[in-house]
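Overview (structure and organization)
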Amino acid sequence: MNRLCAVLASIILAFSAKAQQIDTLPFRWLSGLVVIEGKVNGQTVDLIFDTGSNITVSTPSTDAFASIKVTKTVLPTRDASGKTTLLSRAIIKNLAIGRFKWKSIKGISAPNMPIMNCGPTLLLGQDVIRTLNWKFNFTTQQVHVSKQPWTAPQEASIWAPKWMYNKPYVPVEHAGGTHLFLIDLGFTGIIEARDTVWKQTNKSSILFERKGITLHGFTEPYEEKLFLSDTLRIFQTISTLVPSSQEPATPKIGAGYFKKKANYLVLNHTNNQIWMEDETIQFPTIELANIVVLWEDSQLFLSTKIKGDVEAEVGEEVVSISGKTGADFPHLCAFISWWETQGNLGRRVVLKTGKEMVVQIKKVNDWLKQND
């Protein structure tokens, strides 16, 4: 009898989910980005979930793989760093994510975005994301997708984003001032803004030099200052000791903030609501490496360093890391996967100049104490 009741309950739940148009899909992390599997014109592709992009983006290799039509129309497109490039219009005839389907999506094709050249990939933008409601479970790495809005717990702090150019912004209160920040899950960091927003000149900080990844390729080297914000407030959500970055870019909140802050993130587009569940107030401590290496065109290069920590220049060619060379990896994603899963601590990095460095990993608080 109990078994019969369980079977009946599962059937009822299945019919209920179908009636409400709910699907549950796995996702994975790729260098801090959320990746979901989908189908484009019947072909399986990776979908990078990017709330900071107002439009869906493909690449020439994905266009060829999935028979995406690319027109001669060119569009001026600006990435989060402010750089503008002319890109081609791409028409995606059919897109499917689980049970949900779209037709004739007018996206763009971008040839130079390194993270998308690892295989058939789309950058999923707000032209698709905003048509559904999404509930991410960071513990199980699943996303629940629904046409109907989710119901917020009574204790949830509801964010009501302001939409500009089809992108969501929320007011962040800090040090007596309030500024709009983009909610950008295509940004792998935690939270960043210009110095005029932070006004943190009296804070202990870590100064990085780095080359970043944007829609248009790797950036030129720039400086980024990292410090701990005392208190950040977004509507009724309060966070303390948040690792915050100061650099010349659009103020934004990245995937790293939500992944560290809570177990669940809900994007309720039907009601224009965002909230988190099972969240913490004091931000968890994060770890940082003194140097980071990246891959481009079968070569390795130094992409990030703590300023003054090593005698090397960002962008300088790296011959090997623990015996591995750039030729050992078919593309950037293969290198990132190796870098993230094999453990970085103690790796020996050999530069083309013959200099050697060792990767050190410490908690951000320890780096800050070292720099005091």
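Quick summary incoming for the structure in this document. Just so we're clear, the structure is a prediction, and the values are computed from it rather than from any experiment. Throughout this description, residue numbers start from 1 for each chain and increase along the sequence as written. Under the rules for a predicted model, residues below a pLDDT of 70 receive no local features and side-chain atom pairs below 80 are neither given nor counted, while totals for whole chains, interfaces and linings still include all residues. The basis for every side-chain value is the complete set of heavy atoms in the structure, and neither hydrogens nor water enter the calculation.

**Some details on the pairing of strand β26 (residues 317-321)**
Two strands pair under a simple rule: DSSP has to find at least two bridges between them. Runs of H or I in DSSP of at least four residues are treated as helices and runs of E of at least two as strands, each being numbered from the N terminus. Where strand β25 (residues 299-306) lies against β26, 2 bridges are found, and the strand directions are antiparallel. Bridge pairing in β26 places Leu 300 opposite Val 318. Across 3 bridges, β26 lies against strand β27 (residues 348-351) in antiparallel orientation. Along β27, the bridge assignment pairs Ser 320 with Val 350.

**As for the environment of Leu 302**
Here Leu 302 is to be found in strand β25. A contact between two residues is defined here by any heavy atoms of the two lying within 4.5 Å. The residues contacting Leu 302, other than those within four sequence positions of it, are Ile 291, Val 292, Ala 312, Glu 313, Val 314, Gly 315, Glu 316, Val 318 and Met 357.

**Digging into unusual backbone geometry**
Within the chain, Asn 41 stands out as a residue other than glycine whose phi angle is a positive 50°. Within the fold, Asn 41 resides in the loop between β2 (33-40) and β3 (43-49). Phi angles above zero are rare outside glycine, and Ser 104 is one such case at about 55°. Tracing the chain through its elements places Ser 104 in strand β7 (residues 100-109).

**Comments concerning the pattern of salt bridges**
Here, a salt bridge means any Lys or Arg side-chain nitrogen found within 4 Å of an Asp or Glu carboxyl oxygen. Evaluation of the coordinates by the stated rule reveals 10 salt bridges. A salt bridge links Lys 135 to Glu 277; its shortest N-O distance comes to 3.7 Å. A residue pair is termed long-range when its members are at least 10 positions apart, and Lys 135 in strand β9 (residues 133-137) and Glu 277 in strand β22 (residues 273-277) qualify at 142 residues. Among the residues examined, Glu 277 registers a relative accessible area of 14% and is labelled buried. Note on classification: 1.4 Å probe, protein chains only; a residue is buried when its accessible area is under 20% of the maximum for its type, exposed when over 50%, partly exposed between these limits.

**Some points on the pairing of β27**
Covered by surrounding structure in β27 are Val 349 and Leu 351 only, the residues Arg 348 and Val 350 on the alternate face being uncovered. Looking at chain direction, β27 and strand β28 (residues 356-358) are connected through 3 bridges and run antiparallel. Of the residues in β28, the one forming a bridge with Val 350 is Glu 356. Hairpin remark: β27 followed by β28, antiparallel, with 4 residues in the connecting loop; positive phi at Gly 354, about 100°.

**A word on the nonpolar core**
Take the buried Ala, Val, Leu, Ile, Met, Phe, Trp, Tyr and Cys residues and link them wherever side-chain atoms come within 4.5 Å; each set so joined is a nonpolar core. Counting 63 residues, the largest nonpolar core has Phe 49, Leu 95, Trp 134, Phe 136 and Phe 258 as the members making the most contacts within it. Tallying contributions element by element places strand β18 (residues 222-234) first for this core, with 5 residues. For Phe 136, the contacting residues outside a window of four places in its chain are Phe 27, Val 34, Phe 49, Gln 142, Val 143, Asn 263, Tyr 264, Leu 265 and Leu 267. Judged by nonpolar contacts, the second largest core, of 39 residues, contains Ile 48, Ala 289, Trp 295 and Leu 300.

**With respect to the state of the cysteines**
One covalent bond between the sulfur atoms of two cysteine residues makes up a disulfide. A pair of cysteine sulfur atoms is labelled a disulfide when the two atoms are within 2.5 Å. Summed over all chains, the structure comprises 1 disulfide. The disulfide bridge from Cys 118 ends at Cys 333, spanning 2.0 Å between sulfur atoms. Here the disulfide of Cys 118 and Cys 333 is right-handed, its torsion about the S-S bond being about 80°. Placement of Cys 118 in the loop between β7 and β8 (121-124) and of Cys 333 in helix α6 (residues 332-341) is noted, with a sequence separation of 215 residues between them. Judged on exposure class, the residue Cys 118 and its partner Cys 333 are both buried.

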